[in-house]
Every structure is written in structure tokens, then in C-alpha cells.
Amino acid sequence: MEILDILISASFWAAAVRIASPLIFATLGELICERAGVLNLGIEGIMVVGAFAGWMAVYSGADLWVGVGVAMAAGMLFGLLHAILSVPFGLSQHVVGLGITLLATASTYFAYRVALPQVTNPPRIEAFKELPIPVLSDIPIVGQALFAQTPLTYLAFVTAAVVAFVLYRTPLGLAVRAVGENPHSVEAQGLSVTALRMGAVVVGSGLMGVGGAFLTMSAFNSFFFEMVNGRGWICIALVVFGAWKPGKALLGALLFAAFDAMQIRLQQTSLGADIPYQIFLMMPYLLSILALVVMSRRAEVPAALMVPFNRGER
Amino acid sequence: MPTDPGARAVLRLRNITKRFGPLTANDAITFDLHEGEVIALLGENGAGKTTLMNILFGHYTADAGDIEVFGHALPPGNPRAALEAGVGMVHQHFTLADNLSVLDNIILGTEPLWRLGTGRAAARARIEQLSRDFGLAVHPDARAGALSVGERQRVEILKALYRDARILILDEPTAVLTPQETDDLFATLRKAVARGLSIIFISHKMHEVLAISSRVLVLRHGKLVGEAATADTDRHQLAHLMVGSEIVAPEVGGAAPGAVLMRLREVSTTPVGNAVGLRSLSLDLRAGQITGLAGVSGNGQAALADLIAGETVPDSGVFEVAGEGVGAWTPRAALDARIGRIPEDRHRTGTISDFTLSENAVLEAYEKEPFSRRGWFDWTAVDRHTRAIIERYDVRCPGPDARIRLLSGGNMQKLILGRALEAEPKIILAVQPVRGLDIGAVTYVQNRLIEARDAGAAVLLISEDLDEILTLADVIHVISEGRLSPAFARGTKTPAELGVWMAGQGFDGEDSHAA
């Protein structure tokens, strides 16, 4: 069976982890926002901004890690705009989020044309290289899949652990989980609902920016407009799939990425000759929807998600 | 331990004034709270009690006035400052995050946010100590969402005690408690007072106020209208202060029963989920008569109410309205049959919270003349109609264009009552029509139902309050597990005898038909 051959190949698993990395960043970002009670539909646009900003910074001569910082800052800037509109002004989170996505995408297009007016083929940058971890990377399959990746992939896994730790082991995480469930509980305990929610949206958007930057700085080494290509929307679904828990969300991202890696490989097998490639392209999405239906049945939605908080209202 | 009321003032309110649009919720309110004292803040719904306490706790900012706690001015609009000054508040609508444990709810906000790790072990020990000291049994690891109402309240009190609150505000704490739980709460409060805490207890239940407080303050229409040491006052005087006039208990004259307007014969309905369905139930509703339905909550009252309101259809049996079998039975059909409905849950099914009074007032008739003409709304007619209801039913509100969620329960209920009665219904379905209302509103609603009866309507009064049934109903049925007792005429059964039926006994004989 060709599927079995693929499943035991180290390159398949390495690809899955690589494809999962940007999703992990952005899913964690979205998860933080939603845990605080704000649905951030700006994710798609913020990833585009992050992808462009990081790449542009490095292209202009900045260090790679500085580029990651720039992408994060750019994401946070759009996140701040989202936060101002959705939290203190309490506007519809759907409208604000879609607006941010449109604005961010259009601003990126504009910035790109201003910065590179004459260019037809986007320039490439010297991106992050694989950094095999000694000893660990020599383990068969697992080693190549997990320990021979770029530093940004390692960072994605570390970020998942940090987010989980902060959410479940610190007073700050407790407050974030509370504010998404019942903002009145937070207000009655003397904390600021506004500050917590805005903070969560800004930080979450920063992670989305890094997720976008992964595409230009660790995967394609260049910038195209279509490169984010719906990944943001996938992350929204992954948050639901992960039942708003960082660990499960991480698994969800890996699962989706595995489907994606699988379909690419299946296209090159004898099956690919008979079946239109669009069917393969559809596969990860179909399987994700299926998994979503199964997994999210008993998921506990943050009770105050999408409910703006106005002080002094009953 | 200083507990005499002559002790120093721990809290001073000076000229607190708060307006919501044209409505003055608090009008220059001034009082002191002394160490070890329990003040009862008494007043009807909408008198401004909760608003005043929300100002004290910093949820609202007052338009004028000063607050001093332990001799220091309290910055306005800042719950954190209030907490740090030693003010703890047990909100009427509990403020727990359901996804967190009891422990997490209590420690939320008590530690610096940027600490790595939470001091849960120490917190647990402290919470267990407080639970023992104050008699507040609750498991620290239980999920808040899984707690009973009584337990949730205990957590709210623990939240305040955990922060070393010296002043405890309880907003209508007994509204959701059983009598047994209320006794436990009072025991806890007495322990707190013995430790030198001072308490403000908001209520509109007279006997509780007399039982727990050392001093009573009465609010009416946002003004402080009376103050008395509890020992020197009585129910009658307080009731007078609260309402501003003598309270007249409803006078129920003799009924003049007329024709049967609704007839149910051997009607059964399907149980929904855990709810009880009707089991071969027979009932007559007569014009000019109040039929009371007594019973322990959850014995089929909801099924019967849903059936009459048009929300369900019978599985079997005969269901006649005005002598004719019903066709397609829907809420719309029920309205067309002139059935006026006062639903049990005025927030969820009685009104749409974010709609205005006007919109709510025409919810059941918006598509009919004069509110709509050829498919177009006539807002002038709607407005006129709403103003008439506000006027005739004494709905206290900022105006017809205010969102109905801003109204107190009593005023909301008056609007619902007005909506139902202005349509001149032939049959009135009143489910728990006075639950949660204050004395003035209770008397008002009950008198209106009696008036409707005297005008020839058939009233079905469903209530879990046996006293209410005994006072108002001309005939009484008891419902138990979806079965209905025979009709008992007014005064023929004692509460104890009805209690036997309510406990489910006496139904074994097949003769459960109404007379």
C-alpha cells in the first residue's frame, strides 16, 4: 500500500511537523484571544502582515530573529486596533475581525508595491536553516521529524508549552480563563476586564504574526500574496478542535498538517494519475471537518466568547 | 470585641446621587454603618437598593456624593479599591466563572498577575479554615458550574472573607435559597458579626429583615424614607414605609362561575427530557373563576402551561376551547383563542431583554391592527398603546423607548400583565405571576387577576406558593407527576390536606375527573 509506505517515511513526518509549525503559532494566538472572550477573525490578515513584515525586515538587512520580532510587533499593532474596537468600544467581533483581515491584507499589498515597485519576481531571503539537535536527531523517523527542523519550529513547540503553563499555572492565566467565561467574575474581584481582554488580543495577534512569518522565513523563503491561503481560517477551526486547550490544539495542528503532507505525496503516486488533484487538495479539509464534528461535541466553549462587556450592565 | 451599634462608623455614605437618564435611582442618600452592625436595606424592587450598593462597590460611579470607608475616602468606580478597603460584595447575580474550580474562583485576582505559579496550597488551607469558622461547607476543588445555588452563594461569601473583608454587602441573598439554606446563611452572618464584621443586607422580605438586622433603612423611589432600630419597629410600619401607603391584602369576593371556556379530557403529553408530561389529565376552566393549580415544582405544571400557551400539542385526549376542539394548536392559535399568558420566566420567555418596552408591549399583536396596517408598522399606535399600559399598570420606567432589561422584575411583570390584560383575554394563564416581586407589586398583580376574573375571564393560576393558591383560587387542583386531583372548592381543604395530595397520595382511585 502506498499510504503505508508514506506513513513509515521519515520525510513525511518531517513535512507534517514543518507544515504544522505556522498553524501552531497562529492557533495558539487565536486560542489566547478566544479564552479571553474575543473571537479574532483578523487572524488571516494578521498572518499576511506577519509574513510580509518579517520577510521585508530580513530583506532590508535585519537579523533573522529581529525579523521574527518585527513580524510579531506588526501582528500586535493590528491586534491592538482589533482590541480597541472590540473591547472598549464593544463592536461586533465578526465585523471588526473581518475588517482587520481586509485592512491588513490591503495594507500589506500597498506596502509591498511601495517598497518594491519594479519587481516582478519577489526576491528570496536567506531564511532559517535546519538545526539538527545532536543525538536526538539521530533517532529513526522521530529524530528527523522533530529534531531536525528549523529553530522557528522548535519555538512553536516551546510556545505551546509556555501558553499552557501560563494559562493553567499562573494568576494571569487564571484571570484570562475567567474573563472569557464570566467577565463579571473578574470585575468583582477587582481586575480590569478591558486590560485583560486587550492584552490577550494583542499578544495573541503577535503570535499570529509569527505564524505568518514562519511561511516567509522558514518555509518558502520569499513572499507571495496568496501564501497564507486560508491558514488563518483553519486555525480558527483548530481552536475549536482543540477544545480551547493548548495541548489538544497542538495535536490538531499536527493532524491537519499530516493530512496535508499525505495528500501532497498521494498526488505523486499511481492514484494521482487517475484522480484529479483537486480531490487530494480537498482531503485535509474534509478530514478536518470530520474530526471537528467528532472532537468538538463535548468541547466547553468559553461562555462569554463574543459577548462584549459593558461595565454596569446587568 | 466591639459589637454594640454605638461603635465607630466603618462606612459613611454622603449624598449619593445616581441618575439613569430621566430616572433618579438614588437621590442624596446618606447613612453610616457601624462596626458589628447589620443594616437591612429594605425597599421594593426598583427602589434603588442594588444601584446604591453597586456604587459603593465601584461597579457604577455616582453622579454626586462621597463614600468613606474606615475614615478614608473611597475612589469612585473602582471595585479593586473597594476590595482593598475591606468591602466585600455578594452579588445578586453570582459572579463565578463556571469553568473554574471553587478555589480558583476565590483566589482570582488576589495574587499579582505576573507571578509564576499560584499559591494554591496555602490558599486551600485558608479556605478550609474559613469554611470551618463560618460554617460555609463547600469543596475547594469542585467546579463552580456544578454547584447548587446555595453552594454558589457560599463561595461568593468565601471570596469576600478570603480577602479579609470587614464590610459585607449581601444583595438579596435569600431570593434563591430554600428556607433551610436561609437559616444556614443567617447562622454564618451571625458568626461574621461576632467577629466584628459589619453587614449591609439587602432584602424585600420583611421577616428576614426583622430576623437578622439591628437597624433598618427603607428606600423608596431612590430616596431614603425611613430608618429605625429593628427592635423598635414592626412589619406593619416597615411595609408602610416601603410602599408609601397602606397595604391592602387582596379582597376576594365570591365568584360567579359561568360557562366552561376550556375543557381538557384525559389529555396526555409526551415528557420532554427529564420533565414530567401530563398523564390523562382532565380539567375545566370556567368563566369568572380562578382555578388554582398547587403542586411541588416539576410535577407537570410546565407541561400544562406549555399546552395551554400553544407550545405543545396533546398526544391524546380531548382539548376544547370555547366548546370546540382545537385545530392546529400553536402559540398563535392560543392567542387567537384569546388566551392571555403570563409566563413563568419573565426574562426568558416573557420579554425580549434588548427590545424596548414598546416592542415588548406588542410582541403578541404586532402584526394586527392598529399596530400594523397593510404590513407597515404604525409606531404612533404602538407608542400610544405602550404609554397606556405604563400609565394604567403603573410601570415605573424611563419611557416606552427604554430597553426592558433596565426594568426591575416587578415593573417588567406589570408590563407583561398589561400586555396580556389589555387584549381582554377570555382565558388567563398565570404561571407564578408574583414570584420574586415585592409586596406592593404582589398585591397589585393579584388584584388585577381578581378584577379580570370578576370581568368574566377564566383564570388558571399555577403557583408553588400554597398560601397564594389558598388566598386567590376559587377551586383548587393539585398536580402530582402529571396527574390532577379532583377540584376542591375554596375553603374545603386545609393546607395539610392539600399537602398530602401534593406528596402524590390519593391519586390511586381512578376518579380524578374534575367536577
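Residues numbered from 1 in each chain as written. Chains lettered and ligands numbered in written order. Predicted model: local features only at pLDDT ≥ 70, side-chain atom pairs only at ≥ 80, totals over all residues. Heavy atoms only, no water.

### Focus: the sheet that holds strand β1 (residues 9-20) of chain B
Residues and elements named next belong to chain B. In plain terms, the rule: Note on pairing: DSSP must find at least two bridges between two strands before they are called paired. In this description a helix means any DSSP run of H or I spanning at least four residues, a strand means any run of E spanning at least two, and both kinds are numbered starting from the N terminus. It only takes one pair of heavy atoms within 4.5 Å for two residues to be counted as in contact. An axis is simply a line fitted to the C-alpha atoms; with a helix, the fit covers only the stretch in contact. Between two such axes, the angle follows the N-to-C directions and lies from 0 to 180 degrees.
As summarised here, the arrangement of the four strands in space is β2-β1-β4-β5, forming an open sheet in which the pairing is antiparallel. A single partner strand is all that each edge strand has here, and the edge strands are β2 (23-34) and β5 (72-73). Direction of pairing for strand β4 (residues 64-69) relative to β5: antiparallel, over a ladder of two bridges. Within β5, the position partnered with Val69 by the bridge is His72. Across the sheet, helix α1 (residues 49-57) lies against β1, β2 and β4, angled at about 115° from β1, the strand it touches most.

### Focus on the sheet that holds strand β3 (residues 38-43) of chain B
Residues and elements named next belong to chain B. Taken together, the six strands give an open sheet; going across it, the order is β6-β7-β8-β3-β9-β10, and neighbouring strands pair in mixed fashion. Each of the sheet's edge strands pairs with one partner strand only, and the pair in question is β6 (87-90) and β10 (223-229). Looking at each pair of strands side by side, their axes are set apart by 20° on average, direction ignored. Pairing of β6 with strand β7 (residues 167-171) involves four bridges; the strand directions are parallel. Considered in β7, the bridge of Val87 is made with Ile167.

### Focus: the domain arrangement of chain B
Residue and element names in this part refer to chain B. Filter applied, for reference: Boundaries of every domain are those given by an automatic assignment or by a domain database. We define buried area as the total accessible area lost by two parts upon association, computed with a 1.4 Å probe and summed across both. Pairs of N or O atoms are called polar contacts if they sit within 3.5 Å, as long as, within protein, a hydrogen donor faces a hydrogen acceptor (for residues adjacent in sequence, only side-chain-to-side-chain pairs).
When the domains of chain B are assigned, the result is domain 1 (9-243), domain 2 (250-338 + 425-515) and domain 3 (351-423). Its C-alpha centre places domain 1 at a distance of 39 Å from the equivalent point of domain 2. Contact with domain 1, which involves seven residues of that partner, is made by six residues of domain 2. Note on domain 1 versus domain 2: buried area summed over both sides is about 450 Å², and carbon and sulfur give 57% of it. Contact with domain 2 buries area across many residues of domain 1, yet Glu44, Asn45 and His204 alone supply 67% of it, more than any other trio. Along the contact surface separating domain 1 from domain 2 lie zero residue pairs in polar contact (both at pLDDT 80 or more).

### A short note on the pattern of salt bridges
Residue and element names in this part refer to chain B. Defined as follows: Put simply, a salt bridge is a Lys or Arg side-chain nitrogen that is within 4 Å of an Asp or Glu carboxyl oxygen. Each residue gets one of three labels from its accessible area relative to the maximum for its type: buried under 20%, exposed over 50%, partly exposed in between, using a 1.4 Å probe on protein chains only.
Tallying each qualifying case throughout the model produces 37 salt bridges over all chains. A salt bridge links Arg124 to Asp141; the shortest N-O distance between them is 2.9 Å. Residue Arg124 is found in helix α4 (residues 120-134), and its partner Asp141 is found in the loop between α4 and α5 (149-162); the two are separated by 17 residues along the sequence. The partly exposed category is assigned to Asp141, whose relative accessible area is 42%. Taken together, the shared-partner salt bridges connect Arg12, Arg14, Asp32 and Glu68 into one network.

### Describing unusual backbone geometry
With an omega dihedral of 5°, the bond running from Glu369(B) to Pro370(B) counts as a cis peptide bond. Mapped onto the elements of the fold, Pro370(B) is located in the loop between α12 (357-361) and β17 (372-373). One non-glycine residue with positive phi stands out, namely Trp244(A), at about 60°. Inspection of the secondary structure assignment puts Trp244(A) in the loop between α11 (231-241) and α12 (246-267). Judged by its relative accessible area of 4%, Trp244(A) falls in the buried class. Phi at Arg338(B) takes a positive value of approximately 60°, unusual for a residue other than glycine. Summarising the element assignment, Arg338(B) is placed in the loop between α10 (331-336) and β16 (339-342). According to the relative accessible area criterion, Arg338(B) is partly exposed, its value standing at 35%.

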